[in-house]
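Structural description and commentary
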Amino acid sequence: MHKDRSPVASRFLQRRLAPDHHLGLPLTTGILAVLAMAALFALIAYEVHSGGTLTRTDQALADWFNAHAFSPLTELVLGYTHLHGTIGVLVMGALLLWHLLRQQRRAWALNVLLVLPGGMLFNFGLKFVFARLRPQFSDPILVLHSYSFPSGHTIGATLLYAVAAAYLLNQPGLMAALAARLGWPARAAAAGVIGLAASLVALTAFSRVYLGAHFLSDVLGAMLLGTAWFALWTTVVFTWERHYCRRSRSN
């Protein structure tokens with residue numbers, strides 16, 4: 001005679017969806033986000049590796065931007081893209097890290113260290129795995145000799161602005177002050193922070209495609225990989241922090 005397993009499954013599901021448990025809803029949503037972003041990145045990586053349909057779109061779009069680039073937009077885009085190079089992103093990340101250490105936000109500081117330089121190094125290694133050549137033009141705007149997939153500038157911006165936005169959204173006092181200054185409801189202010197972060201990442205991705213430094217799939221892959229990396233380490237760090245705090249309270 002089989003025992004009814006539905007109560008066991010129900011309890012397991014309730015624990016995974018509990019918002020106040022260290023192994024509850026935050027962990028569940030974090031794992032789902034990592035899996036979803038990683039799966040989408042894998043699809044793009046497969047297209048790049050196999051020369052699929054997306055790569056034909058890549059070339060057509062790269063040729064269109066190269067033919068239609070014009071001044072002064074090109075100079076503006078060059079300035080913006082250089083701001084989000086390796087040095088620029090790491091300097092901005094270091095300023096964020098300095099602020100977090102001053103505020104004694106150790107878990108957030110650890111998160112920045114794991115997410116930002118860690119993700120950029122991982123992306124750099126993947127470039128040699130795929131060894132994809134950059135777009136080639138008879139009259140290029142930029143000439144770069146490193147590999148193309150995934151985009152380093154785009155993943156740097158994705159990681160930086162993701163962790164900065166997440167930190168802001170988890171500061172009720174800062175968000176309340178921002179909402180009051182703008183005269184917006186709290187949810188609108190939160191949506192504004194997310195929208196600004198996403199826009200800055202999208203502008204970085206656009207700058208790389210516009211300048212002919214990357215294909216569309218390079219920047220899409222970098223955004224997905226960066227989001228997966230951010231979700232992974234943010235989930236790990238704050239699951240550990242919630243577990244540590246729970247043990248401290250119980251003792």
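The preceding data block contains the structure.
Report on the accompanying structure. Every chain begins its residue count from 1, and numbering advances along the sequence as written. Note on the predicted model: pLDDT of at least 70 is required for a residue's local features to be given, and 80 or more for side-chain atom pairs to be given and counted; whole-chain, interface and lining totals, by contrast, use all residues. The basis for every side-chain value is the complete set of non-hydrogen atoms in the structure, without hydrogens or water.

**Things to note about the overall build of the protein chain**
Only DSSP runs of H or I with at least four residues qualify as helices, and only runs of E with at least two residues qualify as strands; both kinds are numbered from the N terminus onward. Of regular secondary structure, the protein chain possesses ten helices and zero strands. Beginning at the N terminus, the succession of helices and strands in the protein chain can be written as α-α-α-α-α-α-α-α-α-α. Using a 1.4 Å probe on the protein chains alone, a residue whose accessible area is under 20% of its type maximum counts as buried, one over 50% counts as exposed, and one in between counts as partly exposed. Here the protein chain holds 251 residues, and 39% of them are scored as buried.

**Brief notes about the side chain of Thr-81**
With respect to the secondary-structure elements, Thr-81 resides in helix α4 (residues 73–83). With relative accessibility at 0%, the residue Thr-81 sits in the buried group.

**Structural notes on helix α7 (residues 152–169)**
Look at α7: 26 Å from first C-alpha to last across 18 residues, which is about the 26 Å you get at 1.5 Å a residue. Across the 18 residues that make up α7, a large majority, 14, are buried. Expected helix span is taken as 1.5 Å per residue step, with the number of steps being one fewer than the number of residues.

**Observations concerning the nonpolar core**
Phe-41, Leu-100, Trp-108, Leu-159 and Phe-230 are the most contacted members of the largest nonpolar core, which has 40 residues in total. The set of elements that each furnish at least two residues to this core consists of α2 (25–50), α5 (86–102), α6 (106–130), α7, α8 (172–182), α9 (186–210) and α10 (216–250). Ranked by residues supplied to this core, first place goes to α7 with ten residues. Any two residues whose heavy atoms approach within 4.5 Å are treated as being in contact. Phe-230 has contacts with Val-115, Leu-159, Ala-162, Val-163 and Ala-166, leaving out every residue within four places of it along the chain. The criterion is simple. A nonpolar core is a set of buried Ala, Val, Leu, Ile, Met, Phe, Trp, Tyr and Cys residues joined through side-chain atoms within 4.5 Å. Among the nonpolar cores identified, the runner-up in size contains seven residues, and Phe-65, Val-77, Val-209 and Leu-211 belong to it.

**Section: the packing of aromatic side chains**
Stacked, edge-to-face and tilted labels apply to pairs of Phe, Tyr and Trp rings (six-membered ring for Trp) whose centres lie within 6.5 Å, assigned for plane angles under 30 degrees, over 60, and everything in between, in that order. Taken as a whole, this structure holds twelve aromatic pairs when the rule is applied. Consider the rings of Trp-64 and Phe-65, whose centres lie 5.3 Å apart with planes at 85 degrees: the pair is edge-to-face. For Trp-64, a relative accessible area of 46% puts it in the partly exposed group. A relative accessible area of 14% places Phe-65 in the buried class.

**Section: the environment of Ser-217**
Note that Ser-217 resides in helix α10. According to the relative accessible area criterion, Ser-217 is buried, its value standing at 0%. In protein, a polar contact requires one atom able to donate a hydrogen and another able to accept it; more generally it is a pair of N or O atoms within 3.5 Å, and residues adjacent in sequence count only if both atoms are side-chain atoms. In this structure the side chain of Ser-217 is engaged in a polar contact, spanning 2.7 Å, whose partner is the side chain of Arg-132.

**Some details on the packing of α5 against α7**
Axes are the key here: two packed helices are described by the angle between their axes and the distance separating the axes. To get an axis, fit a line to the C-alpha atoms, keeping to the stretch in contact for a helix; angles then go from 0 to 180 degrees between the N-to-C directions. For the pair α5 and α7, interaxial distance at closest approach is 10 Å and the crossing angle is 20 degrees. The orientation of α5 relative to α7 falls into the category roughly parallel. Handedness of the crossing formed by α5 with α7: left-handed. Here Val-89, Met-92, Gly-93, Leu-96, His-99 and Leu-100 of α5 come into contact with α7, specifically with Gly-156, Ala-157, Leu-160, Tyr-161, Val-163, Ala-164 and Tyr-167. Lys, Arg, Asp and Glu make up the charged group, whereas Ala, Val, Leu, Ile, Met, Phe, Trp, Tyr, Cys and Pro make up the nonpolar group; the residues left over, Gly among them, are polar. Residue composition of the contact of α5 with α7, by class: ten nonpolar, three polar and no charged. For classification purposes, angles smaller than 35 degrees are called roughly parallel, those larger than 145 roughly antiparallel, those between 65 and 115 roughly perpendicular, and all remaining angles oblique. Note: crossing handedness is left-handed where the near helix turns anticlockwise from the far helix by less than a right angle, and right-handed where it turns clockwise.

**Let's talk about the packing of α7 against α9**
Interhelical geometry of α7 versus α9 gives an angle of 175 degrees and a closest axis separation of 9 Å. Relative to α9, the element α7 lies roughly antiparallel. Contacts between α7 and α9 involve His-153, Thr-154, Ala-157, Thr-158, Tyr-161, Ala-165, Leu-168 and Leu-169 from the first element and Ala-190, Val-193, Ile-194, Ala-197, Leu-200, Val-201, Thr-204, Ala-205 and Arg-208 from the second. Residue composition of the contact of α7 with α9, by class: twelve nonpolar, four polar and one charged.

Take it as geometry only, folks, not as evidence of what the structure does.
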